[in-house]
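Listed below are the residues making up each chain.
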There are 2 protein chains.
Amino acid sequence: MAAPSTHVVNVGRKPVRDYVFEVIVNFQEGVDKVVVKGYGRYISKAVDVYVRLKSRLGESIDVDNIEINSEKRGVKLIPYISITVVRKY
Amino acid sequence: MAAPSTHVVNVGRKPVRDYVFEVIVNFQEGVDKVVVKGYGRYISKAVDVYVRLKSRLGESIDVDNIEINSEKRGVKLIPYISITVVRKY
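Residues numbered from 1 in each chain as written. Chains lettered and ligands numbered in written order. Predicted model: local features only at pLDDT ≥ 70, side-chain atom pairs only at ≥ 80, totals over all residues. Heavy atoms only, no water.

Enquirer: Help me out: how do you make sense of the overall build of chain A in this one?
Expert: Check the secondary structure of chain A and you find two helices and four strands. For chain A, the succession of helices and strands along the chain, N to C, is β-α-β-α-β-β. Over its C-alpha trace chain A gives a radius of gyration of 13 Å, about what one expects of a compact globule, namely 12 Å for 89 residues. Taken along its principal axes, the extent of the C-alpha atoms in chain A is 45 × 30 × 20 Å. Classification of the 89 residues of chain A by burial places 46% in the buried group. In chain A, 68% of the contacts between residues at least 6 apart in sequence involve partners at least 24 apart. (Helix = DSSP H or I, 4+ residues; strand = E, 2+ residues; numbered from the N terminus. Rg over C-alpha atoms; globule rule 2.2 N^0.38 Å. Buried < 20%, exposed > 50% of the residue type's maximum accessible area, 1.4 Å probe, protein only. Contact = heavy atoms within 4.5 Å.)

Enquirer: What am I meant to see in the nonpolar core here?
Expert: A general tendency of soluble globular proteins is for nonpolar side chains to be buried together. One finds A:Val36, A:Ile81, A:Ile83, B:Ile81 and B:Ile83 to be the most contacted residues of the largest nonpolar core, which totals 46 residues. If we ignore the near neighbours within four places in the chain, the residues touching A:Ile83 are A:Val34, A:Val35, A:Val36, A:Ala46, A:Val47, A:Tyr50, A:Val63, A:Asn65 and B:Ile68. (Core = buried A, V, L, I, M, F, W, Y, C linked by side-chain atoms within 4.5 Å.)

Enquirer: Please explain the interface of chain A and chain B as it appears in this structure.
Expert: Facing 19 residues of chain A, the contacting portion of chain B comprises 19 residues. Counting the surface chain A buries against chain B, the share from its top three residues, A:Ser44, A:Ile66 and A:Ile68, is 40%. Between the two partners, chain A and chain B, sit zero salt bridges. At the junction of chain A and chain B, the tally comes to five residue pairs in polar contact (both at pLDDT 80 or more). Breaking the side of chain A that touches chain B down by element, the ones donating at least two residues are helix 2 (43-57), strand 3 (61-73) and strand 4 (76-87) of chain A. (Buried area = accessible area lost by both parts, 1.4 Å probe. Salt bridge = Lys/Arg side-chain N within 4 Å of Asp/Glu carboxyl O. Polar contact = N/O pair within 3.5 Å; in protein donor to acceptor, adjacent residues only side chain to side chain.)

Enquirer: Sorry if this is basic, but what is going on with helix 1 (residues 16-28) of chain B here?
Expert: An α-helix turns once every 3.6 residues. As a result, residues three or four positions apart point the same way. Residue and element names in this part refer to chain B. Taking 1.5 Å per residue, 13 residues should reach 18 Å; helix 1 reaches 19 Å between its end C-alpha atoms and fits that length. Of the residues making up helix 1, those classed as buried are Val-16, Tyr-19, Val-20, Val-23, Asn-26 and Phe-27. End-on, the buried residues of helix 1 take up no more than an arc of 125°, which puts them together on one face. When the buried face of helix 1 is taken as reference, the exposed residues oriented beyond 90 degrees from it are Arg-17 and Gln-28. (Expected span 1.5 Å × (residues − 1). Arc of directions from axis to C-beta.)

Enquirer: I keep staring at helix 2 of chain A and nothing clicks. Help me out?
Expert: For helix 2 of chain A, built from 15 residues, the straight-helix expectation of 21 Å at 1.5 Å per residue is met to within 8% by its first-to-last C-alpha distance of 21 Å. Following helix 2 of chain A by one or two positions, A:Gly58 has its phi on the positive side, about 55°.

Enquirer: Mind showing me how you'd approach the packing of helix 1 (residues 16-28) of chain A against helix 2 of chain A here?
Expert: Relative placement of two packed helices is described by the angle separating their axes and the distance separating the axes. Residue and element names in this part refer to chain A. Following both chains from N to C, one finds helix 1 and helix 2 inclined at 55°, their axes separated by 9 Å at the closest point. Relative to helix 2, the element helix 1 is oriented oblique. As for the relative orientation of helix 1 and helix 2, their crossing is right-handed in sense. Together, Val-16, Tyr-19, Val-20, Phe-21, Val-23, Ile-24 and Phe-27 of helix 1 and Lys-45, Asp-48, Val-49, Arg-52, Leu-53, Arg-56 and Leu-57 of helix 2 make up the contact between the two elements. (Axes fitted to C-alpha atoms, helices over the stretch in contact; angles between N-to-C directions. Parallel < 35°, antiparallel > 145°, perpendicular 65-115°, else oblique. Left-handed = near helix turned anticlockwise from the far one by under 90°.)

Enquirer: Please explain the pattern of salt bridges as it appears in this structure.
Expert: A complete count under the given rule lists ten salt bridges over all chains for this structure. Notably, a salt bridge pairs A:Asp64 with A:Lys33, separated by 3.1 Å at the nearest N-O pair. Pair noted here: A:Asp64 is in strand 3 and A:Lys33 is in strand 2 (residues 33-39), with a separation of 31 residues, a long-range link. Among the residues examined, A:Asp64 registers a relative accessible area of 43% and is labelled partly exposed. With a closest N to O distance of 3.4 Å, B:Asp48 and B:Arg52 form a salt bridge. Of the two residues, B:Asp48 and B:Arg52 are both situated in helix 2 (residues 43-57); the distance of four residues between them amounts to about one turn of the helix.

Written out as structure tokens, the structure reads:
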């Protein structure tokens, strides 16, 4: 059996709806899990992407896991969020 | 037996370290669970509060739950994050 496919969407400067569409297209193409990831000030936007996705797709998606942590870049700790979204049907 | 005490810290305009101190003081005063909550663009800051708290308190705290959702305010959907932090010892 093939391993479930996962795709990572890195949230940055583009408008929220671009990332929402990217996730929807991923699911449409058969991806099982999409990780919506945002660093620093893009954490808020990553959550916004999830909220808008949920209001569009409703019960057909679910949050599998939410991770908050930080990565060291030079001397700075950059916080991030990883929201793992799964398609139920 | 008394129910475990919970305190909510609403992250807003103050500097990150103010909220970090508020959570530490809560734990010091015997609160068992602290919910770090941030709306809209303060979601990033709420995650930053948790990350700095973790780097200060290390293994003595843990994330109990992370909720991301939205609240309707007028016609707008405002996304938020609720990070429930527990003191282990």
